[in-house]
Number of protein chains: 2
Amino acid sequence: MIQIDYPGREQWPDIVRRPVMDTEHLTEAVRDILRQVREGGDRAVMDCEARFDKVSLSSLAVTEDEMQEAERCVDEELKAAIRLARQNIEAFHAAQRFEGKRIETQPGVTCWQKAVPIERVGLYIPGGTAPLFSTVLMLAVPARIAGCAEIVLCTPPGRDGRVHPAVLFAARVAGVSRIFKAGGVQAIGAMAYGTESVPKVYKIFGPGNQYVTAAKQQVSLRDVAIDMPAGPSEVAVLADETADAAFVAADLLSQAEHGVDSQAMLITTSESLRRAVVDEVGRQLQRLPRREIAAKSLEHSKLVCVADMDEAIGLTNAYAPEHLIIQTADYAQVAARVVNAGSVFLGPYATESAGDYASGTNHTLPTNGYARAYSGVCLDSFVRKITFQEITPQGLRRIGPAIQQMASGEHLEAHRAAVTVRLQRLAAEGSPAGDNPQD
Amino acid sequence: MIQIDYPGREQWPDIVRRPVMDTEHLTEAVRDILRQVREGGDRAVMDCEARFDKVSLSSLAVTEDEMQEAERCVDEELKAAIRLARQNIEAFHAAQRFEGKRIETQPGVTCWQKAVPIERVGLYIPGGTAPLFSTVLMLAVPARIAGCAEIVLCTPPGRDGRVHPAVLFAARVAGVSRIFKAGGVQAIGAMAYGTESVPKVYKIFGPGNQYVTAAKQQVSLRDVAIDMPAGPSEVAVLADETADAAFVAADLLSQAEHGVDSQAMLITTSESLRRAVVDEVGRQLQRLPRREIAAKSLEHSKLVCVADMDEAIGLTNAYAPEHLIIQTADYAQVAARVVNAGSVFLGPYATESAGDYASGTNHTLPTNGYARAYSGVCLDSFVRKITFQEITPQGLRRIGPAIQQMASGEHLEAHRAAVTVRLQRLAAEGSPAGDNPQD
């Protein structure tokens, strides 16, 4: 871990800089696989599965038998945990339902927004050794609440051709029934273009390795929307002398175990807290199965002492962390000054793990400093806000002259004429300034 | 104009297909200019202005003198129109202010969202013969309402080194004071990376030609967020026999005058309406200054007769138009069935020009079928919804065991341990199941 003492603001850009993620070298390989899937459909996906996931498939769709088998395989305690998490995620996301107001901007001119679900969405759940059933909940629960008509999930099978049962169970609990055994670039391609089995979707969600990230970027240029750009997971802990060192250390390690490129930063006004955290990290690290990964990640972890809380907040906002844990005496006041972060955890008992799994907030969050411009996934991510305007004759009389002025000012005379023809009709009809929209 | 009669659904993909927009051939040129700006700052931008806009600049920033000069140059009627438009746009967007609810997903676990403005945004306003002062309003007004701390506007100057006065006046009315004389790829680069004069921003908004589009795509991969992918403007008119042919024709022409690649489609259940529209288009076209452009655009315009309103609505949703004008007897019922569109215009007096300039809705909308997955620009576009969770000891006792289960299920033991250390502390302290968050 790297200790930094009272850096001047001119050092902040170096402190907050993320490692450069260069997917350029993958571009050709990814483009190639995407093209194969676009042209070859299911067969191409299955070829890729054989090549990359070393699995021989005769079909892509998960069957009802497999769903039921999965339900039998998951132990009851984990099932109960998944159900509780789902309930909390649903409660939080259901409260985000949008109700647009009708605004009469001028008499006779009424405008409103309506949230309409994206018809077809695709969820990508990476495979590998750790089955990310929590991500299934985080993406599928809001998709259902939003009312997306088609929710497609792709996840790579193991070499035995099966999907991890907890992933299937979580999908069932979340209400997703169209699940396909496909991973990596080929899964992204299948959902972006559609194949014989896999429906084409309009937006793809979900994490993944650098190949998946590069694939999502490529398909997002023209074919499909994506949730957000990706990057290694990260946490910043903002702490004063009242913070609990054991808790802080546990939170840093929790992030570090994700992968060697994970980011874990401590920003504190207390040198003694930092010392205690260093000790605790050393102590707790030994007990972790993934300690080698965590240790490697911690090598580039920064533990920064700053002079006061203003600087701590300033540096935190400059870092724009994916997850921000605030462990200070006055965390509510500090929270009010957060400008750039994905998800914020308040108080000693708000461990990041809570948001990762079960508090109800979403864990699909902007990394890599993208928190400066992106929100995490939420109910909004699954809808479009379509605008509507209803204009009466009175309304057009009211704003028509202004439209004509502006259209002419922009040299768009047909835009002007579209108003003129209507105003002339109203003048010819000698219609009253009535407000019946159906006139 | 292409007349299509009662197409079967299998023909719909061809009908709704957009022309392929290939910016691949520009990629290298654009990448090159972006690199020059990233490395050369202001000087590189001014070199590009000399090369591409044929203008010699000694500095980029618009001065207060230029702002005041501009105010004197704009005629009073246009000023009044711009002010009225601003007022309506403000009324509609201010009503979109977000108030997140606090949700106690479990006792002791409270979650909420807070909308926090993006600190720095960049607005690009293309130049050329038509000064798009309306776009200034559409982007700057919500940026101000959202509370973005830094709002930067770039627009190319004319060869005399001056920006069109109406653009500057609209910027002043909308509250934007940092305006820079830069266009094209160099403007996008300046805002994406920052130069000596131009602040780096976190998100870039605004329309542009294919070079600007390609530049926005490239910088959006890593450096900055963008509002949405771009494409030629488009309208679909959904009409029955009660529609007014002169109004429909005027609306199609209004779109066609934008450019030869603009899209204008009519979807109607009435052959006689279509005949009348064809006649009206012929009549009205002659009166337009931009008739050659409009005529060229209309060559690929489709006028489709369908059997009934169900098909009309189905085809319209399949097209996913940027603008949708509904001229039917029962437009409110038809409107309720819209699934894919950017902005919808209801009733005979709701000309698209109204939304383009002054109804209050935003005119920066998804083209190219992107309406299937993207919203138009609105207040949301200028904020992030940051999530917060506050968890008491009681709350962690409640959800902690579930988190532990799930973390172990995903083989993330440090995530489990971050809960365990806290639950053990609570057990050791023998603390009551109190609900004081500050415990």
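Everything below is about the structure printed above this text.
Definitions and limits used
Residues numbered from 1 in each chain as written. Chains lettered and ligands numbered in written order. Predicted model: local features only at pLDDT ≥ 70, side-chain atom pairs only at ≥ 80, totals over all residues. Heavy atoms only, no water. Helix = DSSP H or I, 4+ residues; strand = E, 2+ residues; numbered from the N terminus. Buried < 20%, exposed > 50% of the residue type's maximum accessible area, 1.4 Å probe, protein only. Salt bridge = Lys/Arg side-chain N within 4 Å of Asp/Glu carboxyl O. Pairing = 2+ DSSP bridges. Axes fitted to C-alpha atoms, helices over the stretch in contact; angles between N-to-C directions. Least-squares fit on C-alpha atoms with pLDDT ≥ 70 in both. Contact = heavy atoms within 4.5 Å. Phe/Tyr/Trp six-rings, centres within 6.5 Å; stacked < 30°, edge-to-face > 60°. Expected span 1.5 Å × (residues − 1). Polar contact = N/O pair within 3.5 Å; in protein donor to acceptor, adjacent residues only side chain to side chain.

## Some points on the environment of Asp32(A)
Tracing the backbone shows Asp32(A) in helix H2 (residues 27–52). Given the relative accessible area of 34%, Asp32(A) is considered partly exposed.

## What about the pattern of salt bridges?
According to the stated counting rule, one finds 48 salt bridges over all chains in the structure shown. Note that Glu299(A) is salt-bridged to Lys296(A), the shortest N-O span being 3.5 Å. With a relative accessible area of 44%, Lys296(A) lands in the partly exposed category. Across the pair Asp380(B) and Lys385(B) runs a salt bridge, and its minimum N-O distance is 3.9 Å. Taking relative accessible area as the criterion, Asp380(B) reaches 22% and is therefore assigned partly exposed. On the accessibility criterion, Lys385(B) (8% relative accessible area) is buried.

## Regarding the sheet that holds strand S3 (residues 109–117) of chain A
Hydrogen bonds along the backbone pair up the strands of a sheet, which may run parallel or antiparallel. In spatial order, the strands read S2(A)-S3(A)-S14(A)-S13(B)-S12(B)-S9(B)-S10(B)-S11(B)-S1(B); together these nine strands make up an open sheet with mixed pairing. With partners counted over all chains shown, the strands left at the sheet margins are strand S2 (103–106) of chain A together with strand S1 (2–5) of chain B, one partner each. Ignoring which end each strand starts from, the neighbouring axes of this sheet average 20° apart. Summarising the sheet, strand S14 (residues 383–391) of chain A and strand S13 (residues 343–346) of chain B pair through four bridges and their orientation is parallel. Bridge assignment links Thr387(A) to a residue of S13(B), and that residue is Ser343(B).

## Considerations on the relation of the copies chain B and chain A
When chain B is fitted to chain A, the best match, at an RMSD of 0.0 Å, comes from turning it 180° and sliding it 0.0 Å along the axis. Here the transformation between the copies is reduced to the relation of a two-fold axis. Here 99% of the interface residues in chain B have copies in chain A that are interface residues too; the copies meet face to matching face.

## Concerning the packing of aromatic side chains
Residue and element names in this part refer to chain A. For the coordinates displayed, the defined rule picks out eight aromatic pairs over all chains. An angle of 10° between the planes, with centres 4.2 Å apart, marks the rings of Phe205 and Phe382 as stacked. Of this pair, Phe205 sits in strand S7 (residues 203–205) while Phe382 sits in the loop between helix H14 (352–357) and S14, and the two are 177 residues apart along the sequence. Assessed through its relative accessible area of 0%, Phe205 is described here as buried. Between Phe247 and Tyr349, the aromatic rings sit 5.6 Å apart at their centres with planes inclined by 65°, giving edge-to-face as the arrangement.

## Focus on helix H9 (residues 245–256) of chain B
Residue and element names in this part refer to chain B. With 12 residues, H9 extends 16 Å from end C-alpha to end C-alpha; this agrees with the ideal 16 Å at 1.5 Å per step. Of all 12 residues that make up H9, 12 are buried, and the element is covered over most of its length. Along H9, the residues classified as buried are Ala245, Ala246, Phe247, Val248, Ala249, Ala250, Asp251, Leu252, Leu253, Ser254, Gln255 and Ala256. Sitting at the amino-terminal end of H9 is Asp244, which places a side-chain oxygen 2.9 Å from the backbone nitrogen of Ala246.

## What about the pairing of strand S3 (residues 109–117) of chain B?
All names here are of chain B. As paired elements, strand S2 (residues 103–106) and S3 share three bridges and run antiparallel to each other. Among the inter-strand pairings, Gln106 is bridged to a residue of S3, identified as Val109. A loop of two residues connects S2 with S3, the two strands running antiparallel in sequence, and Gly108 in this loop sits at a positive phi of about 90°. Sheet topology places S3 next to strand S14 (residues 383–391); nine bridges connect them, and they run antiparallel. Along S14, the bridge assignment pairs Val116 with Arg384.

## Points about unusual backbone geometry
We note that His411(A) has phi near 60°; this positive angle belongs to a residue other than glycine. As for its placement among the helices and strands, His411(A) is situated in the loop between helix H15 (393–409) and helix H16 (413–429). The residue Ala320(B) is not glycine, and still its phi comes out positive at about 55°. Along the polypeptide, Ala320(B) turns up in the loop between helix H12 (309–319) and strand S12 (323–327). What makes Ala320(B) buried here is its relative accessible area of 0%.

## Looking at the side chain of Asp227(A)
Residue and element names in this part refer to chain A. In this structure, Asp227 sits in the loop between strand S8 (225–226) and strand S9 (234–239). For Asp227, the side chain forms a polar contact with the main-chain nitrogen of Gly206, separated by 2.9 Å. Apart from residues no more than four positions distant in its own chain, Asp227 is found in contact with Lys203, Ile204, Phe205, Gly206, Lys216, Thr364 and Val377.

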